[in-house]
Amino acid sequence: MAVSKSDLILIIESEEGLRLWLVDVLQKEGFKVFSTTTCEEALKMIYEHMPNLIVLDSALPTNSGYSLCRNLKQDLMLRHIPLVMLSERKDIQERLLDLELGADDYILKPVEHTDLLARIKMSLGHTHLELDVNPLSRLPGNNSIIKRTEEILNKNLLFAICYIDLDNFRSFNEKYGFNRGDDIIRFLSGLITKVVKEYGDAEDFIGHVGGDDFIVISHPQKVDKLCSKIIEEFDSAIPQFYDEESRRQKCISREDRKGNIINTPIMSISIAVVSNEEKELFHIGQISRIATELKDFVKSFSGSIYFKDRRKQRVALDPEFFPAESSKLYKEMQAGAMKRLDERTKKIGMLKEIIEQGKVNIFFQPIVHFRTKSIVGYEALMRGPENSELFAPDVLFDLAREGNMLWQLDRLCRSKILLFNQDFKKGLLLFLNTTPESIYDPEFAQIELPGFFVSNPQNLVIEITERGIVEDFEKFYEILHFVQERKIKIAIDDAGSGYVSLRNVAKLKPDYIKIDMSVIRNIDVDKVRQDVLATWFSFSQKIGSQLIAEGIETKEEYNFLAAMGLCLGQGYLFAKPGKPYPEINKDF
């Protein structure tokens, strides 16, 4: 894997001339570099910036270089950072001591230019390959989790693996937006690390699976304390992330499209613990299956809780948290958990069949110009098979996300829409939806344009929402800018819903910004919604984007939007989604 020039390197060197030379050489290579002369200042920089690599002078006063190396490698949050020691020329025994203390490599003084760059790039390359650090939490990712699990299995060690997951995290994101959701992930990462440092030991492992899923690997005798403390501290702190009204009601209240009030409890945390204390575990797939079943079971309870798999049954209950267990109730609850697992397995099988056989439906909804009352384009809306459980797009794409088939589903929808519309009406725009996760698909940036779009790429609009997972914003925007360079246009969806931030939209400068229907609903009489729209309207003019109002259902909403100066919109007032290209209601 190639080394990224965006990698951040920290230099800790007491000799001023050498420090400045090192900074200059690495900056000229395109690396981001910061430096200091003391360990005290270095620790502050490390926690603030989380570098990708540290270059440390072993000859710092009072052996502080060796002490810092030892402390970093014992710190659960920091020990994954590769550390290269700068050492005086010495015999082989002293060089081995550097490595025994935890250094990943060493560079001999006087430092040679080529040796420096070779060792730096090698250390960074190994890190990218072997320790896929999650960019949000800075904790080891899936490859490292798998590697660590295989290590303890091969060594026949006693272990307990804690699968940690948040409940009602999605509702929090929907209300407060993904930036606030990222704050929760960073908070949880820090909380888990703090608890494991206090109540675990140096051999414990913390990993970030992705999203709101974390893993802790520890000893079976320690997990009860670890889990109970994580739950205790999480439940104590999490209300502070909500507004005053939600804290008072202990839930988030929102209105669905039909006007029904939905109450979602404040976030809780579920932990499923799989251990080889009572049964032999010999394969990572076996552990994963048990953990999946147990997590489904744990999440069926309200509030924060953990369960340990202590028995021979496929799903086991911890008597400490279920003291009133009876045989009948246990069997009923176990059957319920297995039924939910079977239903999910069945739906994932249905999804695989949909993708393999191309069983998706395309509907179209027109986008209307207010002044001319004419159609300027159509949004292509994907649905599953009609009269099936997977017809609704939210259900379809959420299941694809859960089953790790999002790229395949998005590819199918993208190709089917483009092939269906290869002779698209001249002059009209075609809005094609995609998810943020699909942006990272290697095939995405190389979209093949058939028929009409080969010579008219500017008539294709990639419409994207930030409701999905964007872990690497830099890569995300790099890909979208590449798409824009091909003259394909970009639209950002769900603006005003809390998902989309002004900062991220300003960075992308999309051609269109689609205002979410939650802002448009009753906007003619709702001052708060009017203020939200006014902000987006002013913002769009500054960055050169056009607003499109979504979900317009009444003439009053339309008249207000037109009077405010908006030019484009879509909604049931003009036409419901249909096949192939519905005309608009001329009476609006």
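All of these numbers come straight from a predicted model, not from anything done at the bench. (Residues numbered from 1 in each chain as written. Predicted model: local features only at pLDDT ≥ 70, side-chain atom pairs only at ≥ 80, totals over all residues. Heavy atoms only, no water.)

### A short note on the sheet that holds strand 4 (residues 83–87)
No. 1: In space, the five strands of this open sheet follow the order 2-1-3-4-5, with parallel pairing throughout. The open sheet is flanked by strand 2 (32–36) and strand 5 (105–108), the only strands paired with a single partner. Shown here is a sheet whose adjacent strand axes are inclined to one another by a mean of 20°, direction ignored.
No. 2: As defined by bridge partners, strand 1 (residues 8–12) adjoins strand 3 (residues 53–57) across four bridges and the pair is classed as parallel. By the bridge assignment for strand 3, I11 is matched with V55.
No. 3: Set on the sheet, helix 1 (residues 16–28) makes contact with strand 1, strand 2 and strand 4; between it and strand 2 the angle comes to about 170°. (Pairing = 2+ DSSP bridges. Helix = DSSP H or I, 4+ residues; strand = E, 2+ residues; numbered from the N terminus. Axes fitted to C-alpha atoms, helices over the stretch in contact; angles between N-to-C directions. Contact = heavy atoms within 4.5 Å.)

### Quick word on the packing of helix 8 (residues 178–199) against helix 9 (residues 223–237)
No. 1: At a minimum axis separation of 10 Å, helix 8 and helix 9 run at an interaxial angle of 140°. The orientation of helix 8 with respect to helix 9, classified from their angle, is oblique. As helix 8 runs across helix 9, the sense of the crossing is right-handed. Contacts between helix 8 and helix 9 pair F187, L188, L191, I192, K194, V195, V196 and Y199 from the former with K225, L226, K229, I230, E233, F234 and A237 from the latter.
No. 2: Its residues placed into classes, the contact of helix 8 with helix 9 shows eleven nonpolar, no polar and four charged. (Parallel < 35°, antiparallel > 145°, perpendicular 65-115°, else oblique. Left-handed = near helix turned anticlockwise from the far one by under 90°. Nonpolar A, V, L, I, M, F, W, Y, C, P; charged D, E, K, R; others polar.)

### Observations regarding the nonpolar core
No. 1: In terms of nonpolar packing, the biggest core is built from 70 residues, with L460, I462, I513, I515, I552, L561 and F574 touching the most fellow members.
No. 2: In this structure, L561 is in contact with F370, I520, I523, L533, A549, I552 and L566, ignoring residues within four places of it in sequence.
No. 3: Within the second largest apolar cluster, 34 residues are counted, among which are I192, L226, I271 and V273. (Core = buried A, V, L, I, M, F, W, Y, C linked by side-chain atoms within 4.5 Å. Buried < 20%, exposed > 50% of the residue type's maximum accessible area, 1.4 Å probe, protein only.)

### A short note on the pattern of salt bridges
No. 1: If you walk through the whole model with that rule in mind, you get 29 salt bridges.
No. 2: Taking the shortest distance from any N to any O, the salt bridge between K299 and D165 comes out at 3.0 Å. Here D165 lies in strand 6 (residues 160–167) and K299 lies in the loop between helix 11 (284–298) and strand 12 (305–309), a separation of 134 residues in the sequence.
No. 3: By relative accessible area, K299 is classed as partly exposed at 34%.
No. 4: Close ionic contact of K194 with E233 constitutes a salt bridge, the shortest N to O distance being 3.1 Å. (Salt bridge = Lys/Arg side-chain N within 4 Å of Asp/Glu carboxyl O.)

### Here's the deal with the sheet that holds strand 13 (residues 361–369)
Within a sheet, adjacent strands bond to each other through the backbone by hydrogen bonds, running parallel or antiparallel.
No. 1: Spatial strand order, 13-14-15-16-17-18-19-20: eight strands in a closed barrel with mixed pairing.
No. 2: Two elements, strand 15 (residues 429–434) and strand 16 (residues 460–464), share five bridges in a ladder whose sense is parallel. Following the sheet pairing, L432 is matched in strand 16 by I462.
No. 3: Against the sheet, helix 19 (residues 527–543) makes contact with strand 17 (489–495), strand 18 (512–515) and strand 19 (546–549), and its axis sits at roughly 175° relative to strand 18, the strand it touches most.

### Structural notes on helix 20 (residues 555–564)
No. 1: Those residues of helix 20 not exposed but buried are E557, Y558 and L561. The arc enclosing the buried residues of helix 20, seen along the axis, measures out at 95°, which places them on a common side.
No. 2: Where helix 20 is buried, its residues contact helix 18 (517–520), helix 19 and strand 19.
No. 3: Count one or two residues on from helix 20 and you reach G565, which has phi positive near 115°. (Arc of directions from axis to C-beta.)

### Observations regarding the pairing of strand 16
No. 1: Along strand 16, five of the five residues are buried, which leaves the element largely enclosed by surrounding structure.
No. 2: Bridge count for strand 16 against strand 17 is four bridges, and the pairing is parallel. Among the inter-strand pairings, E463 is bridged to a residue of strand 17, identified as A491.

### Some points on the confidence of the model for the protein chain
No. 1: Across the protein chain, pLDDT averages 81, with 84% of residues at or above 70.
No. 2: With pLDDT under 50 throughout, residues 311–330 is counted as low confidence; its partners more than four residues away or in other chains account for 47 contacts. (pLDDT = per-residue confidence, 0-100.)

### A few points about unusual backbone geometry
No. 1: For the bond from K109 to P110, the omega torsion is -5°, close enough to zero to count as cis.
No. 2: Within the secondary structure layout, P110 lies in the loop between strand 5 and helix 5 (113–130).
No. 3: At the junction of K579 and P580, the peptide bond is cis and its omega measures out at -20° in the coordinates.
No. 4: Inspection of the secondary structure assignment puts P580 in the segment after strand 20 (568–569).
No. 5: Positive phi, normally seen in glycine, also occurs at K487, with a value near 75°.
No. 6: With respect to the secondary-structure elements, K487 resides in the loop between helix 16 (473–485) and strand 17.
No. 7: With a phi close to 50°, K509 is a non-glycine residue in the positive phi region.

### Comments concerning helix 1
No. 1: The terminal C-alpha atoms of helix 1, which comprises 13 residues, lie 18 Å apart, in line with the 18 Å expected from a rise of 1.5 Å per residue.
No. 2: L18, R19, L22, V23, V25 and L26 are the residues of helix 1 that are buried. For helix 1, the angular spread of buried residues about the axis comes to 165°, placing them on one side.
No. 3: The first or second residue beyond helix 1 is G30, which carries a positive phi of 100°. (Expected span 1.5 Å × (residues − 1).)

### Focus on the packing of helix 19 against helix 20
Helices that pack against each other are described as a pair by the angle of their axes relative to one another and the distance between those axes.
No. 1: One way to put it is that helix 19 packs onto helix 20 with a least axis distance of 12 Å and a crossing angle of 40°. Considering their axes alone, helix 19 and helix 20 lie oblique with respect to each other. Crossing handedness for the pair helix 19 and helix 20: right-handed. Of helix 20, the residues touching helix 19 (which contributes Q530, L533, A534 and F537) are F560, L561 and M564.

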